[in-house]
Amino acid sequence: MVRLETWLGTHNVSRASLHSPIPARLRQQLWPQERKLERNRLLMKLKNYRGLMALLVVLALVAAACGSSDSDGDSDGSTNGGPPAVCASDAFGCVEVASGDPIKIGSLLVTTGPNSSLGLDSQYGIEMALDYADGTFDDTNITIQGHDVVLVPEDDGCSAEGGTAGANKLAADTQIVAVIGTSCSSAALGTADKILGDKGVTLISPSNTSPALTAEATRNPFYFRTAHNDTLQGAAVAEFAYNFEGVKTAATIHDGSPYAEGLANAFAASFEALGGTITSQDAIQVGDTDFSGVLASIQAESPELLYFPIFVGEGSLLVQQAKTTLGDSVVLTGSDGLWSDDFYAAAGDGVFLSGPDVSAFAGDAALYKDIFLPRYAEKYGSEPLSAFHAHAWDAANIVLGAIEKVAVDSGGTLYIPRSGLRDAIAATSGYTGITGTLSCNGNGDCQPSATIAVFEIVGGKQAADPVFSVVKSLE
Amino acid sequence: MTPELRRSVRQGLIGGAVVLYLASVGMLVAFDARAIITNVVNFATVLIVITFAAFGYLAGRPGKGGEPAQPFLLAGAVTGAVAGATVGVVAVLVDFLITGLEWDVRSMWTSVSPTLMELLSFGQSPIVGALLMTLLGFTAGLAAGSLHLATTITRKVILLGLMAFVFGALGAPLFKVMLDGMHIPNRWLFDRDGLTITGAIVLFAAFGLARLGSFRVGGPRQALLKVPGTSEKNLRWVISVLALLGIAVLPWIVNDFVSDVLGFVGLYILLGLGLNIVVGFAGLLDLGYVAFYAVGAYSVAILTARSSYLVGGSVTAPAVAGYTNFWVAVPITILIAVVIGVAIGAPVLRLRGDYLAIVTLGFGEIIRTLVLSDWLKAKFGGPQGLTEVAAVPFFGLNTRDPQILYYLIYAFAGLALFISYRLKTSRVGRAWAAMREDEDIAEGMGVSVIKYKLLAFATGAAVGSLGGAFFAAKLSVANPGSFTLLVSINVLAVVVLGGIGSIPGVVVGSLVLVGLPELLREFGEFRLHIYGAILIAIMILKPEGLIPDKRRALELHQPDHQPEKSVLSAEATEGIQ
Amino acid sequence: MTTQSAAGSRYRLFLERFPVRRFVLVLLALVIAYGGAAGSIATLRAGRFSGEVWANLFISGVARGSVYAIIALGYTLVYGILFIINFAHGEVFMAGAFTAYFVAVGLASKGMLESNPIISIGILFVVSSLVSMGVAILLERIAYRPLRGAPRLVPLITAIGASLFLQYTFRGFYGANARAYPTIPAIQGTWEIGSFPVQKVHLISILGAVALWLVLFWIVERTRVGREMRAVGEDREIAALMGVDVDRTIVFTFGIGGALAGAAGILYVFLFNQVIFTMGFFPGLKAFTAAVLGGIGSITGAALGGLILGILETVGPNLFLDGAGVPSPNQLIPIVAFGILVLVLIFLPGGFLGAPDDKSRA
Amino acid sequence: MSHLLDVKGLSIRFGGVQAVNKVDFHADPGEIVGVIGPNGAGKTTLFNIITGFYSPDEGTMIFDGHNISGLKPNALTRLGMARTFQSVRLFNAMTVLENAMVGQHTRTKAGVWGALTRSSKTKSEEDRIRERAREVLAFFGDRLSGREDALASDLAYADRRRLEIARAMATDAKLLLLDEPAAGMNPAEKDGLISQIGRLRSELGYSIILIEHDMPVIKSVSDRVVALDHGEKITEGTYDEVSTNKQVIEAYLGKAAEESHL
């Protein structure tokens, strides 16, 4: 039970273990909050002078080159009107979009390397959302109060360093209103979420599933996500296994990615909590092709179900080999990392995949199936590359809605208060997107109760209707 | 067909093929999204023009060995037109396949999208598009060919102006953000993510004129000498002081992001210098250098992490030695790295160069597998890695701020530079050089090959682990995803591009290979692609690198004796005859 | 009569004569060997795995090893005559199999894979081999030929560059996602050997590899061009003087290596049914390891190295580590593979069948 | 005991070939010993064994009172043995002076720490070896002295040979092993070499073993000549004794006959 608590209520346990070893007095010495704040204030002041210093350096060039055209650049800023009161009261101020300038939304998704299909899929979802927000797909983005909305795509590299670099780049652009990302939890936790949050830039992820990102102890106030927490999916799959399939023993495999390991562990914890037995928890390497060794090892304990929340490359191979090695009696279950035609084709019938309940994309199932998917295929030349395009679409729409809500026009310049935007997103409630009806909870989970389903692959395709579906809520 | 004409046609075909290649790997479409001059011309078109022009120029170049000068105008025009026509014809054919035969080309060639076809036909019907493409090629080739008419100075001025204009435009989003951050009006220069027409003309003119001006006074060096108070004697000092000053104020001129990138460049300078000792000084090809980077990062993470949150959400007990001060952890880390370096080096040092490469690569993979493994998860956090690594404590400053961390990283990079220089010019460096050039003779002259190889490995490991230490402290996390084989290859590429064995080369290599791609991140998809091309091109065209090390350059141009035929074994066969 | 200077102190000379390094290494090797043996005994004693499981693992290891072996031949051939490691060979292997995928899809849509499996497989082999051969020859022409005679570091770095370049070129061509190869019904299922069921694909891969190896052996040992290859490998200048067209021979070598890699690609998709642009890298690396294990430059060595590596990778983790109580032993395959490589090179610096280095290189 | 180098029963096999077979051989302090033999007689292999590049299958080697079998070349250099190579092998990418400085490696101590701090001790050591390197270069007159900063690869052939000897001298050896120092030299250069070898012993006190095909050179400089054939020592003695030895003549003539036959 302790283990389950660790998973479901991270903060209680974590705070204790974080703080207990250091006496309060010592902690004061280590991190004197006041002094730190004072220092930061000083630094901010210094940074204000930076413009002046730099100005001196480039003055010659500017003076020589521009003389005449100087004036029109300057006059656009704030002729009449001036910033509204919300900007002064907002702790992080406003994004000021001068007339004729676009509203910039950043994305921080993995678009290179082996995981690029995950990020590109989300990026496509965002691009389509920006296009469709005015009700038609016409390859022209929506405008908000006369300003174009443009996407500034960045790569999170699916790694901490990639997330840091990308977040720094986006944070440096004071025109960026909000950022949709990251793709991978490791790119966000303690890196991108902190860098952007420190500047008052909201980060909303379509595919981060790590519980730590929205755990009270580690969550950044400017962090949100439309993807469901691993905890939900792990618990849902465990229920599917224990209650629906009625198996009492299960084995897990992860591929060394944080996503897979997190899910495998979440599943194992929930399954044991339900009363099941985990016979073995194994791992493979990304890039492996021959899994006879690991399958032999799993087979030795003869589990009734094998859960492998890994990705397509290894997943397709693993499932084929598992069928021959383990036989038909073992239930094979994967997760949304495997949602892809290539996997369905390779896996064949009788394999189960968990994930968001697409069939319960209730309100907008029509939108998804009849408008979104055909357009996706037309525009990008393939079936969806991964499972999170819809979450990205929803994230983009939530951001757009929040911008519309808080943006104030004053003399042609659009003012978007940063904290105000964050609060507007946090207040999202009952928004009907593709992935379901979204309401953000206090910790930034916009799917605090998600309908997680398990689909069977039938006839080389994922069946439209799930064999098992359950609404799981956090807390 | 005259030989000149044949040569032009061949160049044209190759040029056309290059453009088709760029199209078929998706670069053109991706670059189409980037404006050079907003609403006028985008990067894809510029790239096509550059390719046509480059081949047009090459075709008109006089051949080697004083061949009579080509009719370069004609050569340029023919080459350009052939290239354009090649592209056009293929585009028409593909269009026919798609629309006429209804063959689903895109199911195989994913990059052949409607956008691409539209791009290649300039939004016209395919035939008209092909004609336009041919015309574009003809014009570009003719213009490039006519460059041969110009004097060297004019040519260089034009080229620099054009380069300034293209790079200025590519960097536009970044520069714009920087200028905005400094509240410098820039609307006349940049428009969204490209240049304005004024901006393009100004950039072209400014750089062209600057270059022309520096020609007039006899180069930048002479120009600097004109400044009162400088003389030939103290010029070095002046330059060093200026450079140091530049480095010192740089983060305050640029923004946080560029500072962060520069910090990353600094890390690669550290790593590059470390690997340079192993590869450049001692001549040992190490493809597993990432091992030491990982050792550094993980040691510091384990020693200094306040607690070890796993990304998965569970919280392990505070890390083994939690709360160790970074400055205490660093020497321990270096010690660990040296021990591991020697342990890795010892079994393999006697192996032939190629074997050494594969074995070190293996060691890199072994280290990565170990930190990733479930087996040692309790120590290293498995796939989730270690988080909450403490920032570098430094007089109470916030060292997570890229602008502050910059100084720390560069201070250590400077230290590594100093160590490299001192070692290189010492008895130790001489022994390495001797060993690298001829191991047998070096041993015959009294150099203990084993000792000096181990020394190189240990020194390289120490410097590399320092890079890792800063990496972990910078990011606040250490996880296995950061320590893949690709890092080893990146660092090697930095060393190679700058010039193997060359210390300033490492700095330049890092700036070019780490800095530039970070600044052009939106092309990230093609980063490794272009990287591969650079590695090949450098090795073929300039194996000694951008800033060659004198001695190393000489070695790289000496023909290699076939390995199985080293003189010693040739002598050994004497006894067998 | 001699002064016992520091330079000649008996103690120092003893230390220098005493092979400390070797001693330590042997000790290390013994420890590892002991660990492996202890682990194996513990595993076998625990009896988690039946004999049948071991046999299955062994056969699948041999099948995996056969693919390594055929790729390794390409490394060994090129190394044998140019003394460069063609690091991009794994990508040559990928190019063929990936391109043939589209042919396979076409054949599948026409029902050819079911109705005419043998002809279809033949077509796949030909397409894959031709594409790989073309890529290998282009690679030689563009990336390696300008570097003849350069120090060895230079072509090695070029090869790393070429490897990246080819990977991403094919990613640009054919896309980033993994593609499932259409299945060929005729080679699914098992054959009974005695009463023991063996998967058809395993057997076909093994037999295919043997056939390819024999063909190569015949070319190198029995044909004129094979003799020329050996001559160029022995001494390029003398071969040229004897009238061998060195360039043509080198191109031919790359061509054969490429064609073999292409064929290995088809064997690979028989086994694993999947292509992706990164698929060449690790098999390439493993094949190179196999070539070194067997003794680079030796055709028989490449085959031997491939088989040993394949078997150890499949059987090793369960055998050595499972009993020792290491969790997820199969995650540690790289450690087993490269660990074996290091151990072998310590004792046999030239690999199993390679020419041992001269006597000073003990 | 009084021999500087004393070799007994030295044998080595390469595959199926007995390259050196039970060779006994010695050199005394201040002596110049010539080693002759037809191509493939095992002369260079003998050198390679003595200087530690190969380890012999059998035999004992005593140098300057130390048992040297099993020692690596660098240890032997420290004990006072230095050699040149049949085909000149210099550090081509280094200057002439640096080549000679490398020779001083075993006579200096500065390590990493010294390199980093550049203490006065390290500096004076560097100065000392630079001086010493200039000294050995000066032995060959302005052929080398004047070209200290030239790259070794830019030297003329004969100068490269000289530099190789200078580099060996710079190790402060007691015994120099020269492998065909006169190969490729013209008669005038050979005369110079003969006198220089003589001076090496008379002025600088080196003992020398040299392999040479050029009989006039052997005749002019050697105190004693050892003749090898097929890896075995045929005879040994003064030049006159050896040159009239029947076996030696046969070995050479036989070879010559074979060559003419080809």
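Just so it is clear, the model here is predicted, and its values are computed rather than measured.

Conventions and cut-offs
- Residues numbered from 1 in each chain as written.
- Chains lettered and ligands numbered in written order.
- Predicted model: local features only at pLDDT ≥ 70, side-chain atom pairs only at ≥ 80, totals over all residues.
- Heavy atoms only, no water.
- Helix = DSSP H or I, 4+ residues; strand = E, 2+ residues; numbered from the N terminus.
- Expected span 1.5 Å × (residues − 1).
- Buried < 20%, exposed > 50% of the residue type's maximum accessible area, 1.4 Å probe, protein only.
- Pairing = 2+ DSSP bridges.
- Contact = heavy atoms within 4.5 Å.
- Buried area = accessible area lost by both parts, 1.4 Å probe.
- Polar contact = N/O pair within 3.5 Å; in protein donor to acceptor, adjacent residues only side chain to side chain.
- Disulfide = S-S within 2.5 Å.
- Salt bridge = Lys/Arg side-chain N within 4 Å of Asp/Glu carboxyl O.
- Domains from an automatic or database assignment.

Student: Before we move on, can you summarise helix H21 (residues 485-498) of chain B with the specific residues and values?
Tutor: In a regular helix each residue adds 1.5 Å, so 14 residues correspond to 20 Å; H21 of chain B covers 20 Å between its end C-alpha atoms and thus fits that length. Trailing H21 of chain B by a residue or two, Gly499 of chain B shows a phi angle of about 125 degrees, which is positive.

Student: Explain the pairing of strand E8 (residues 207-211) of chain D to me, using residue names and the numbers behind them.
Tutor: Residue and element names in this part refer to chain D. E8 sits mainly inside the fold: five of its five residues count as buried. Burial along E8 is two-sided: Ser207, Ile209 and Ile211 facing one way and Ile208 and Leu210 facing the other are all buried. Relative to E8, strand E3 (residues 32-36) runs parallel, the two sharing four bridges. Each residue of the ladder has a partner; that of Val33, found in E8, is Ile209. In this sheet, E8 lies alongside strand E7 (residues 175-179) in parallel orientation, the contact comprising five bridges.

Student: Can you tell me about the interface of chain B and chain C, naming the residues and giving the values?
Tutor: Each partner contributes residues to the interface: chain B has 62 residues there, and chain C has 62 residues. Together, the buried faces of chain B and chain C total about 5600 Å²; carbon and sulfur atoms form 71% of this surface. For chain B, the biggest contributors to the area lost against chain C are Asp354, Tyr355 and Ile358 of chain B; these three give 11% of the whole. Put simply, chain B and chain C have eight residue pairs in polar contact (both at pLDDT 80 or more) between them.

Student: Describe the state of the cysteines, listing the residues and the values that go with them.
Tutor: Residues and elements named next belong to chain A. With the rule as written, the count across this model stands at three disulfides over all chains. Across the disulfide, Cys440 is cross-linked to Cys446 (sulfur-sulfur distance 2.0 Å). Handedness of the Cys440-Cys446 disulfide follows from its S-S torsion of about 95 degrees: it is right-handed. Taking relative accessible area as the criterion, Cys446 reaches 0% and is therefore assigned buried.

Student: Give me the pairing of strand E1 (residues 5-14) of chain D: which residues, what numbers.
Tutor: All names here are of chain D. By the criterion of burial, E1 is predominantly enclosed, with seven of the 10 residues buried. In this sheet, strand E2 (residues 17-27) lies alongside E1 in antiparallel orientation, the contact comprising seven bridges. Directly across from Arg13, in E2, lies its bridge partner Gln18. Between E1 and E2, which pair antiparallel and follow one another directly, the connecting turn spans two residues, one of which, Gly15, has a positive phi of 60 degrees.

Student: Break down the pattern of salt bridges for me, with residues and values.
Tutor: Scanning all chains against the criterion turns up 37 salt bridges over all chains. Across the pair Glu140 of chain C and Arg145 of chain C runs a salt bridge, and its minimum N-O distance is 3.2 Å. For Arg145 of chain C, a relative accessible area of 22% translates into the label partly exposed. Note that Arg167 of chain D is salt-bridged to Glu164 of chain D, the shortest N-O span being 3.9 Å. Placement of both Arg167 of chain D and Glu164 of chain D in helix H7 (residues 157-169) is noted, with a separation of three residues, approximately one turn of the helix. Taken together, the shared-partner salt bridges connect Asp290 of chain A together with Arg64, Lys286 and Glu313 of chain C into one network.

Student: Summarise the domain arrangement of chain D; cite the residues concerned and give the values.
Tutor: All names here are of chain D. What the domain assignment lists for chain D is domain 1 (1-80 + 176-262) and domain 2 (91-172). Centre-to-centre separation of domain 1 and domain 2, based on C-alpha positions: 27 Å. Contact residues are listed per partner, giving 19 residues for domain 1 and 13 residues for domain 2. Summing both partners gives a buried area of about 1400 Å² for domain 1 against domain 2, and 65% of it is carried by carbon and sulfur. Three residues stand out in domain 1 for area buried against domain 2, namely Thr77, Gln196 and Tyr206, and they jointly supply 28% of the buried area on that side. Counting every contact that joins domain 1 to domain 2 gives zero salt bridges. Here domain 1 is connected to domain 2 by three residue pairs in polar contact (both at pLDDT 80 or more). Listing elements by their share of the side of domain 1 that touches domain 2, those giving two or more residues are helix H2 (73-79), E7 and helix H8 (187-202).

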